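Notes for the structure review
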Amino acid sequence: MNASSIVTIALTDPGEGLTEAEILEIKVAVGDRLEINDPVVEVETAKSAVELPSHVAGTVVEILVAVGEEVPVGAPLMRVDTTGGSAPSPAPAAPSGAAPEADPSAAELSAQATEQAAEQAEGQAEQPAASASEGAPAAQEPKNLVGYGERATGARRRRRRAQPAQPAAEQQVPIDRILAKPPVRKLARDLGIALHDVLATGPEGTVTRQDVLNAQQRSYGAEPAAHDGAGAYFPEESPQAPEHLGDVMKTTRDQPFSGVTSDERTTRVPIRSVRKRTAEAMVASAFTAPHVTVFNEIDMTGVTRIVSQLRGSREWADVKVSPLAVIAKALLVAIRRNPEVNAAWDEDAQEIVYKHYVNLGIAAATPRGLIVPNLKDAHLMTLRELAEGIGELARTARAGRTSLRDTRDGTITITNYGVFDIDSGTPILNPGESAILGVGAIKEKPWVVDGRIEPRRVATLSLSFDHRLIDGALGAELLRDVSAVLEDPSLGLVWG
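This report concerns the structure included in the present document. (Residues numbered from 1 in each chain as written. Predicted model: local features only at pLDDT ≥ 70, side-chain atom pairs only at ≥ 80, totals over all residues. Heavy atoms only, no water.)

Considerations on the environment of isoleucine 306
Definition in use: We count a stretch as a helix when DSSP gives it H or I for four or more residues in a row; a strand needs E for two or more, and each element gets its number in order from the N terminus. Each residue is assigned to one of three classes by its accessible area relative to the maximum for its type, calculated with a 1.4 Å probe on protein chains only: buried under 20%, partly exposed between the two thresholds, exposed over 50%.
Checked against the element boundaries, isoleucine 306 lands in helix 6 (residues 301-311). By relative accessible area, isoleucine 306 is classed as partly exposed at 24%.

What follows is the structure, encoded as structure tokens:
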């Protein structure tokens, strides 16, 4: 194996403006043979879990990341020998106490790349580079991915000078070259702790998880608590701790239990992945599109009867039917009667874009957060196709497998907070869309029918819309038509 045959596979943006991602699974091991487009890692993005493929063929010689690590776009993931050579044997350990020699080998280059990526993620500025030692053979840099530019050559990081040893009683050694496992580095980043400031107590000066937690305690002005060995951040006996909260948080990947203050009264959780993108989208929507919401309470008895009939039909035995499919069909009929609502505001071109298709978004609450996949060309679908499509979107979203294509180019969305037994709300528009229909819980209530009070199945609909695109009268007409079809489903045959 020679340096010229080594290619670094870096984290690329799968197409949603990604800046960083969490490693969910590493699909290869050192020594595995890769072909072009073979998946190498699975990462969690803002919307879904995505498999990233290899752009080269060869043999994996080194893996530079670990599961659970959050890495920026462009950071190296692994190194591949494109000649198909076998994995390199580990370098012999240096004698105890001996200073490491300057060795510009490919392994050192990759180690430097890994450390630099981790330090950049921690926000640490690099020291000015120094020239390589005289007489050392120059090794070629690993090839770069297209689009990331050339790496700086002829310059290397200056090694930090060793710090004076601490008294033996402290049994803590400050380290010049930081030794820490990827999960420990990730914990430090989550807590906002610089590894340079952590006193290491692990073997050979390795920073341990407890070292990082101790550094956090000191940052709050408290002495580190004795470690009980169980790894619990939040003692169950704490009067402020909800019952079993510590255990729940430790086992939930999307809610890492980090940042507990010394008095255990608050917890800080990093904002990332779906939650981060959802927050960005909602802020952008709320402060860009002037929202207006109108409400209407309607009789849904006819809808519940249709759903019951379809569930009892053998022709629909393989389809999960819910009121949401009927509501979606009613919305599509109303859009056909009011096509002006299906539009988008193009600020750059100073144009209103009227769309002759409907990509119907279905807001889905998943363990990873809120996502809004959409049914492409929903205006062409039958009721059965809508029911099947909604079911498939829900299953894919819950499994974390929603594709980027399924979340793009939505036009109008439905959000069903009735599943949480909520009557009504004021939903916020999905960015780039003109309207969102909120559906409340269907409950039995007294209702006036032909002058008589009867128990009926009643729900509240709420329609939020972009007032730049939709005037109040048009928004009211859209909601009125949706309500009319749901109260008398036979209108769908006439208007549809």
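Topic: the environment of isoleucine 327
Selection rule: The contact criterion used throughout is that any non-hydrogen atoms of two residues lie within 4.5 Å.
As for its position among the elements, isoleucine 327 is in helix 7 (residues 323-337). Residue class for isoleucine 327 comes out buried when judged on its relative accessible area of 2%. A sequence separation of 112 residues divides isoleucine 327 from valine 439, and the C-alpha atoms of the two residues are 8.7 Å apart. Here isoleucine 327 is in contact with Met300, Ile414, Leu437, Val439 and Leu486, once residues within four sequence places are set aside.

Here we look at the sheet that holds strand 7 (residues 70-72)
Selection rule: Only when DSSP finds a minimum of two bridges between them are two strands counted as paired. Note on definitions: angles span 0 to 180 degrees between N-to-C directions of axes, and those axes are lines fitted to C-alpha atoms, for helices only across the stretch in contact.
Ordered by their spatial adjacency, four strands build an open sheet running 5-4-2-7, and the pairing between neighbours is antiparallel. Sheet topology places strand 5 (49-53) and strand 7 at the edges, where each strand pairs with a single neighbour. Neighbour-to-neighbour, the strand axes of the sheet open up by a mean angle of 45 degrees, direction not taken into account. Direction of pairing for strand 2 (residues 20-26) relative to strand 4 (residues 39-44): antiparallel, over a ladder of four bridges. Across the sheet, the residue bridging to glutamate 22 is glutamate 44, located in strand 4.

Comments concerning the side chain of arginine 79
Rule in force here: For the purposes of these results, a polar contact is taken to be a pair of N or O atoms within 3.5 Å, where, inside protein, one atom must be able to donate a hydrogen and its partner to accept one; residues adjacent in sequence count only when each atom of the pair is a side-chain atom.
In this fold, arginine 79 is placed in strand 8 (residues 76-81). Within polar-contact distance, the side chain of arginine 79 engages the side chain of glutamate 62 at 2.8 Å.

A short note on the pairing of strand 14 (residues 343-346)
As judged from the four bridges shared by strand 14 and strand 15 (residues 351-354), these two strands associate in the antiparallel manner. Paired with tryptophan 345 across the two strands is isoleucine 352, which belongs to strand 15. In this antiparallel pair of consecutive strands, strand 14 and strand 15, the connection spans four residues, and glutamine 350 shows a positive phi of 55 degrees.

Some remarks on the packing of aromatic side chains
What counts is decided by this rule: Pairing of aromatic rings covers Phe, Tyr and the six-membered ring of Trp, with a centre-to-centre limit of 6.5 Å; geometry is then stacked below 30 degrees between planes, edge-to-face above 60, and tilted otherwise. For a lysine, the NZ atom is tested; for an arginine, the CZ atom; a charge sits over a ring if that atom is within 6 Å of the ring centre and within 35 degrees of the ring normal.
Using the criterion set out here, one finds zero aromatic pairs in the structure. Above the face of the tryptophan 316 ring, arginine 384 is positioned so that its terminal group lies 5.6 Å from the ring centre.

Comments concerning the pattern of salt bridges
Two side chains with opposite charge may pair up if their charged atoms get near one another. What counts is decided by this rule: By definition here, a salt bridge exists when the distance from a side-chain nitrogen of Lys or Arg to a carboxyl oxygen of Asp or Glu is within 4 Å.
All told, the structure shown has 17 salt bridges when counted by the stated rule. Residues arginine 456 and glutamate 454 are paired through a salt bridge, measuring 3.5 Å at the closest nitrogen-oxygen approach. Two residues, aspartate 466 and arginine 468, come together in a salt bridge whose shortest N-O distance is 2.8 Å. It is possible to trace a salt-bridge network through shared partners that takes in Asp299, Arg452, Glu454 and Arg456.

As for the packing of helix 7 against helix 10 (residues 472-487)
Spelled out, the test is: In this scheme, roughly parallel covers angles under 35 degrees and roughly antiparallel covers those over 145, while 65 to 115 is roughly perpendicular and the rest are oblique. Each helix crossing is assigned a hand: it is left-handed if the near helix lies turned anticlockwise from the far helix by less than a right angle, otherwise right-handed if that turn is clockwise. In this classification, the charged set is Asp, Glu, Lys and Arg, the nonpolar set is Ala, Val, Leu, Ile, Met, Phe, Trp, Tyr, Cys and Pro, and all remaining amino acids, among them Gly, are polar.
The interhelical angle for the contact between helix 7 and helix 10, taken along N-to-C directions, is 135 degrees, at an axis separation of 8 Å. Classed by the angle they form, the pair helix 7 and helix 10 counts as oblique. In the crossing of helix 7 with helix 10, the sense of the turn from one axis to the other is right-handed. Here Val326, Ile327, Ala330, Leu331, Val333, Ala334, Ile335 and Arg337 of helix 7 come into contact with helix 10, specifically with Leu478, Asp481, Val482, Val485 and Leu486. Here the contact of helix 7 with helix 10 is composed, by residue class, of 11 nonpolar, no polar and two charged.

Observations regarding the nonpolar core
The criterion, for reference: Remark: nonpolar core denotes a set of buried residues (Ala, Val, Leu, Ile, Met, Phe, Trp, Tyr, Cys) joined through side-chain atoms within 4.5 Å.
Judged by nonpolar contacts, the single largest core of 48 residues is most densely connected at Leu331, Leu360, Ile414, Leu437, Leu461, Val482 and Leu486. Taken together, the elements giving at least two residues each to this core come down to helix 6, helix 7, strand 16 (360-362), helix 8 (383-398), strand 20 (412-416), strand 21 (435-439), strand 23 (452-466) and helix 10. Per-element tally for this core: the top contributor is helix 7, with 11 residues. Judged by nonpolar contacts, the second largest core, of 20 residues, contains Ile23, Val43, Val56 and Val71.

Remarks on helix 7
In plain terms, the rule: Residue count minus one, scaled by 1.5 Å, sets the expected span of a helix.
With 15 residues, helix 7 should cover 21 Å at 1.5 Å per step; its first-to-last C-alpha distance of 21 Å lies within 8% of that length. With 11 of 15 residues buried, helix 7 is to be regarded as a mostly interior element. All of the buried residues along helix 7 are Leu324, Ala325, Val326, Ile327, Ala328, Ala330, Leu331, Leu332, Val333, Ala334 and Ile335.

Here we look at helix 8
With 16 residues, helix 8 should cover 22 Å at 1.5 Å per step; its first-to-last C-alpha distance of 23 Å lies within 8% of that length. Along helix 8, the residues classified as buried are Leu386, Ala387, Gly389, Ile390, Gly391, Leu393, Thr396 and Ala397. Packing partners of the buried residues in helix 8 comprise helix 7, strand 16, strand 17 (364-366), strand 18 (369-371), strand 19 (374-375) and helix 9 (404-407).

All we've got here are geometric facts, nothing functional implied.
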